[in-house]
Amino acid sequence: MTTFPNLDSAAGEAALERELKGLIADVLGLGADQAEAFGPESGLFGHLPELDSMAVAGLLTEMEDRLGIVIEDDDVDGEMLETFGGLLAFAKAKLEPR
Amino acid sequence: MIFTWNNPAESNGGWAEELLVGFDRGRPVRVLVLPAWFDEANKLRRFTIEVMRRLDRAGIDSLLPDLPGCNESLSPLKSQTLEGWRSAAVAAADAVGATHVLAIRAGALLAPEHLPGWHYAAQSGPQLLRGMIRARTIAAREAGVAETSEALMATGRAEGLVMGGWHIGPAMFRALETAEPAVGPGQSEIAQTAIGGPGLWMRAEPDEDAEQAGRLAALISQSLGNPAQ
């Protein structure tokens, strides 16, 4: 399990973004350079035909394992899954100390 | 390469004929392959067969039986139980004269403990159910229907549940809630980290990876005392 102790720092955020891009690359079978091109507005669920509910479920489960978070039913909404930026914002919020 | 095996545990008529993919040249080591389940079975099918091809080249027989309720089986999936599949795995091992077992992902829940062998990236029953329930709630939400994991779990226990198109009966559902792979004597675990690269079960679409298949086959071959190639 990877941990991101310093999300406040720019380095911590960059590490999280890299981890999420790697995860999406693993799910979609992309090369590292293709995943690197993902930006905040890049579309995910509902935009990529191969990213169906089963694939999204796998992605969220892998996110839980790699980031050490628990994703509840209520956490999952259209906004969070629609774009790479949405997913990144969700992961950041989950990792922030409360 | 395509054979059949008879499952005597089937109560309906005494036995049922199921298909079997095999690389069978009557060699001393005969590996029973228990594949991943449901959606993962599709995603890992080409990988699984590629591992078998490579084992064949390394002088090892391997046999991949259909379990009742899967692929071309005449039995309905929804009437299958975990115990029934465990019996079927033992019956298949006997039918093909298996000396070893390679269990992949949830297939590890069925590995006959009397056979030495390997569990590749084993998946527990709760992990399997969690992923399938989540797929169902996401699909429901997309369709504008509110479903909670909790309510779906209750339905699954009482009546069974269709998740991602797979109809799991109530007995199988309840058994999976606590099912953990048991590593029998002479069996060892092979984690994905030993294979390298991301597991193909994560892929949105079925895919293949010759390097990963090669590494798994090589690890198996080496643990049988064959030199590294």
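Fair warning: this is a prediction, and the values are worked out from it, not measured in the lab. The residue count restarts for each chain, going from 1 along the sequence in the order it is written. Lettering of chains starts at A and numbering of ligands starts at 1, both following the order in which they are written. Thresholds applied to this predicted model are a pLDDT of at least 70 for local features of residues and 80 or more for the giving and counting of side-chain atom pairs; totals over whole chains, interfaces and linings are not thresholded and use all residues. Only hydrogens and water are set aside when side-chain values are computed; all heavy atoms of the structure are taken into account.

*Asks:* Sorry, what's going on with unusual backbone geometry here?
*Replies:* If a residue is not glycine, its phi is most likely negative; likewise, a peptide bond is most likely trans. Residues and elements named next belong to chain B. Positive phi values are uncommon outside glycine, yet Arg105 reaches one of about 50°. Considering the arrangement of structural elements, one finds Arg105 in the loop between strand S5 (100-104) and strand S6 (117-120). We note that Ala121 has phi near 45°; this positive angle belongs to a residue other than glycine. Strands here mean DSSP runs of E at least two residues long; helices mean DSSP runs of H or I at least four residues long; both are numbered from the N terminus. Within the element layout of this structure, Ala121 appears in the loop between S6 and helix H3 (125-142). On the basis of relative accessible area, Ala121 is assigned to the buried category, the value being 9%. For every residue, the accessible area obtained with a 1.4 Å probe (protein chains only) is divided by the maximum for its type, and the residue is called buried under 20%, exposed over 50%, and partly exposed between those limits.

*Asks:* Can you help me understand helix H4 (residues 149-159) of chain B in this one?
*Replies:* At 3.6 residues per turn, the α-helix brings residues three or four places apart onto the same side. Residues and elements named next belong to chain B. The set of residues buried in H4 consists of Ser149, Leu152, Met153 and Gly156. Buried residues of H4, viewed axially, fall in a sector of 105°; they line one side. Seen from the buried face of H4, the exposed residues on the opposite side, beyond 90 degrees, are Glu150, Ala158 and Glu159. The contact definition used throughout considers only heavy atoms, calling two residues in contact when any of these lie within 4.5 Å. Packed against the buried residues of H4 are H3, strand S7 (161-163) and helix H5 (170-176). Gly160 sits one or two positions beyond H4 and adopts a positive phi of about 85°. The directions from the helix axis to the C-beta atoms are what the arc is built from.

*Asks:* Just to check I follow, could you spell out the side chain of B:Lys43 for this structure?
*Replies:* Summarising the element assignment, B:Lys43 is placed in helix H1 (residues 38-57). Given a relative accessible area of 6%, B:Lys43 falls into the buried group. A distance of 3.1 Å separates polar atoms of two side chains, one belonging to B:Lys43 and the other to B:Asp39. Beyond its immediate chain neighbours, meaning those up to four positions away, B:Lys43 contacts A:Met54, B:Leu200, B:Trp201, B:Arg203, B:Ala204, B:Pro206 and B:Asp207. Think of a polar contact as two N or O atoms within 3.5 Å of one another; within protein, one of them needs to be a possible hydrogen donor and the other a possible acceptor, and neighboring residues in sequence only count if both atoms come from side chains.

*Asks:* Just to check I follow, could you spell out the sheet that holds strand S3 (residues 30-34) of chain B for this structure?
*Replies:* Strand pairing in a sheet relies on backbone hydrogen bonds, with the paired strands running either antiparallel or parallel. Residue and element names in this part refer to chain B. Read across the sheet, 7 strands follow the order S1-S2-S4-S3-S5-S6-S9 without closing on themselves; strand pairing throughout is mixed. Looking at strand neighbours, the two that pair on one side only are strand S1 (2-7) and strand S9 (187-190), the edges of this open sheet. The sheet shows a mean angle of 25° between the axes of neighbouring strands, direction not considered. Following DSSP output, two strands are said to pair if at least two bridges run between them. Pairing analysis gives 4 bridges linking strand S2 (residues 16-23) to strand S4 (residues 61-65), with the strands arranged antiparallel. Each bridged residue has a counterpart across the sheet, and for Leu20 the counterpart in S4 is Pro65. Strands in contact with helix H7 (residues 210-223) are S5, S6 and S9; relative to S6, the strand with the most contacts, it is inclined by about 155°. Between the N-to-C directions of two axes lies an angle of 0 to 180 degrees, each axis being a line fitted to C-alpha atoms and, for a helix, fitted only over the stretch in contact.

*Asks:* Sorry if this is basic, but what is going on with the domain arrangement of chain B here?
*Replies:* It is common to report an interface's size as the accessible area lost on association of the parts. All names here are of chain B. What counts as a domain boundary in this text is fixed by an automatic or database domain assignment. Taken domain by domain, chain B comprises domain 1 (2-123 + 181-223) and domain 2 (124-180). A C-alpha centroid distance of 24 Å is found between domain 1 and domain 2. Counting residues at the interface gives 16 residues for domain 1 and 15 residues for domain 2. Two parts lose some accessible area (1.4 Å probe) when they are put together, and adding that loss for both gives the buried area. Between domain 1 and domain 2, roughly 1300 Å² of surface is buried when both sides are summed, and carbon and sulfur atoms account for 75% of that area. The largest per-residue losses of area from domain 1 upon contact with domain 2 belong to Phe38, Lys78 and Gln123, which jointly make up 42% of the total buried on that side. A pair is scored as a salt bridge if a Lys or Arg side-chain nitrogen falls within 4 Å of a carboxyl oxygen belonging to Asp or Glu. On inspection of domain 1 and its partner domain 2, the count reaches 0 salt bridges. There are 1 residue pair in polar contact (both at pLDDT 80 or more) connecting domain 1 and domain 2. When contributions to the side of domain 1 that touches domain 2 are tallied by element, the ones reaching two or more residues are H1 and helix H2 (82-96). Looking at the side of domain 1 that touches domain 2 element by element, the count peaks at 3 residues for H1.

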